Amino acid sequence: MSAHELWLLRLYPRQWRQRYEEEFVALLEGCPRSPLVLLDVLLGALDAHIAPQDNTGRILQMINRPRWTAITVFCAYIVFVVAGFGFQKMTEYDDFVEAARSHAAIGISFDIVVAGSAVALLAVLAGGLPIAFAALKYALAARRWDIPLLFLVPPVALAVWIGHTILLTAVLAPAHHGLSLHTFPGVLLIPSWFGVFALAAIASTAAVSLAIARSNIDARVFRFALGPATIATLAMVTMFIAVVVWGVSLRADAPQLFNGDGGILATSTAASWLAQVTIMGIATAIAVGSLVRGTGSRAEAQPA
Amino acid sequence: VLLVDTDLSELGRFSDPSLLILASLAGGAKHGYAMMEDIEAMGGVRLGPGTLYGALARLERRGLIEPLAAEDRRRPYRLTGAGATVLREQLRSLEQFAATGLRRLATI
């Protein structure tokens, strides 16, 4: 078979290929080649995705749903944390701290974000640690060394980010008599700090998600994780509302700050806030959607 | 759990290929390529590989056909009892339809 025909076969779902690939390839090898045949194979792949071929697939999908809910909520949480990190960096400046002290709505909404972040972190740890332990236990039993290696990515990524921070603050900043966004090389180095943080977060999240997806973990562990995932998602909803209230209150009570350039990397405060709210909103919506599907499958799985 | 149903219409665009496959397998167990050849000879229609396997997977899920042991990568399929019942009902209804149509044509 030619490379493009093999590529077409890869378009079929994995479960379909496990069942039919060998005989399907034997059939294709006997068929005359024509664009219509290739189109038919392509449409067959589309059909196989739209209409799962057996009930086992559907049952597996239902059983795996809590697993994907846990992974999705975790990924959404990390995206939320990255946006929240930007919010925290933006609001640590004296002007924002003073505004929070002077105006109740700004202060209270900020405090809610802080409390919500603690609750969400504890919930993610409560739901995630048993999953991580179960994955490592499976890896040791099955001698799957790729799984512990994937779990090593977050500490390595953290070390890289800390190393980059030390390089910037202890080596490069003194060498250039301080770094500023308005002069070279600060205009490159300071954004790189955020860039390395974002890359470290993406690599860590992808690695942990992959490790969990590859592990054979008891479904009860994932079903247990739905409770903490619900708490983490509710905390994300609360924080999202609080960040919206914070921005609206800042605009009303301290318009000079809201309209100034106190945002991330000395950009517009309003634009930074809007970007953070957008990212947090998307992450929260993904977590809520996944949780609704996941808890729905749990209700289906429980006997009446 | 297999879905056994005597109605092929809910197989959508696969209902015609499904009927052709059932009719082909009524003549004995066949693998995919032999089915394609047999259907072309019997009905003048050449099913594409994607269409054939889309219909085969549906028929298998419904318990109307069953796979046999593979022979050199090619897996033959055979009609089940349920498949034979469905095929008989479908052909009878087609027979009635054809008979009615022919009677009406005879009056023209």
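Structure: above.
Residues numbered from 1 in each chain as written. Chains lettered and ligands numbered in written order. Predicted model: local features only at pLDDT ≥ 70, side-chain atom pairs only at ≥ 80, totals over all residues. Heavy atoms only, no water.

Caption draft 1: Local environment of the interface of chain B and chain A. If you look at the interface, chain B gives 23 residues, while chain A gives 27 residues. Taking both sides of the interface into account, the surface hidden between chain B and chain A amounts to around 2000 Å²; carbon and sulfur atoms contribute 50%. The three residues of chain B that bury the most area against chain A are Pro49, Tyr53 and Arg73 of chain B, which together make up 35% of that side's buried surface. At the junction of chain B and chain A, the tally comes to 3 salt bridges. Secondary structure elements with two or more residues in the side of chain B that touches chain A: helix 2 (32–43) and helix 3 (49–61) of chain B. When residues of the side of chain B that touches chain A are assigned to their parent elements, the largest contribution, 10 residues, is made by helix 3 of chain B. The class makeup of the residues in the side of chain B that touches chain A is 10 nonpolar, 5 polar and 8 charged. (Contact = heavy atoms within 4.5 Å. Buried area = accessible area lost by both parts, 1.4 Å probe. Salt bridge = Lys/Arg side-chain N within 4 Å of Asp/Glu carboxyl O. Helix = DSSP H or I, 4+ residues; strand = E, 2+ residues; numbered from the N terminus. Nonpolar A, V, L, I, M, F, W, Y, C, P; charged D, E, K, R; others polar.)

Caption draft 2: Quick peek at the pattern of salt bridges. Within the structure shown, the criterion is met by 11 salt bridges over all chains. Of the charged contacts, one joins arginine 101 of chain A and glutamate 98 of chain A as a salt bridge, the two residues approaching to 3.8 Å between their closest N and O atoms. Here glutamate 98 of chain A and arginine 101 of chain A lie together in helix 5 (residues 94–102), a separation of 3 residues that amounts to about one turn. A salt bridge links arginine 144 of chain A to aspartate 146 of chain A; the shortest N-O distance between them is 3.0 Å. Where salt bridges share partners, they join Arg19 and Glu23 of chain A together with Glu60 and Arg75 of chain B into one cluster.

Caption draft 3: Representation of the nonpolar core within the structure. Counting residues in hydrophobic clusters, the biggest one holds 34 residues, and the most contacted among them are Phe87, Met90, Met236, Val243, Trp246, Leu250 and Trp273 of chain A. Among the elements of the structure, helix 4 (55–91), helix 5, helix 6 (104–142), helix 9 (219–253), helix 10 (255–258) and helix 11 (269–301) of chain A are those that each provide at least two residues to this core. Contacts of leucine 250 of chain A, omitting those with residues within four sequence positions, involve Phe96, Ala99, Ile106, Pro255, Leu257, Phe258 and Thr269 of chain A. Ranked by size, the runner-up nonpolar core spans 33 residues in total, among them Ile21, Leu22, Ala55 and Leu59 of chain B. (Core = buried A, V, L, I, M, F, W, Y, C linked by side-chain atoms within 4.5 Å. Buried < 20%, exposed > 50% of the residue type's maximum accessible area, 1.4 Å probe, protein only.)

Caption draft 4: Here's a closer look at the packing of aromatic side chains. The final tally for this structure, using the stated rule, is 17 aromatic pairs over all chains. Plain terms: the ring middles of phenylalanine 87 of chain A and tryptophan 246 of chain A are 5.0 Å apart, the flat faces sit at 80° to each other, and that makes the pair edge-to-face. One end of the pair, phenylalanine 87 of chain A, is in helix 4; the other, tryptophan 246 of chain A, is in helix 9, with 159 residues separating them in the sequence. This pair shows no difference in class: phenylalanine 87 of chain A is buried, exactly as tryptophan 246 of chain A is. One aromatic cluster is present, built from ring pairs that chain together Tyr12, Trp16, Tyr20 and Phe24 of chain A together with Tyr53 of chain B. (Phe/Tyr/Trp six-rings, centres within 6.5 Å; stacked < 30°, edge-to-face > 60°.)

Limitation: the analysis is restricted to geometry and does not speak to function.
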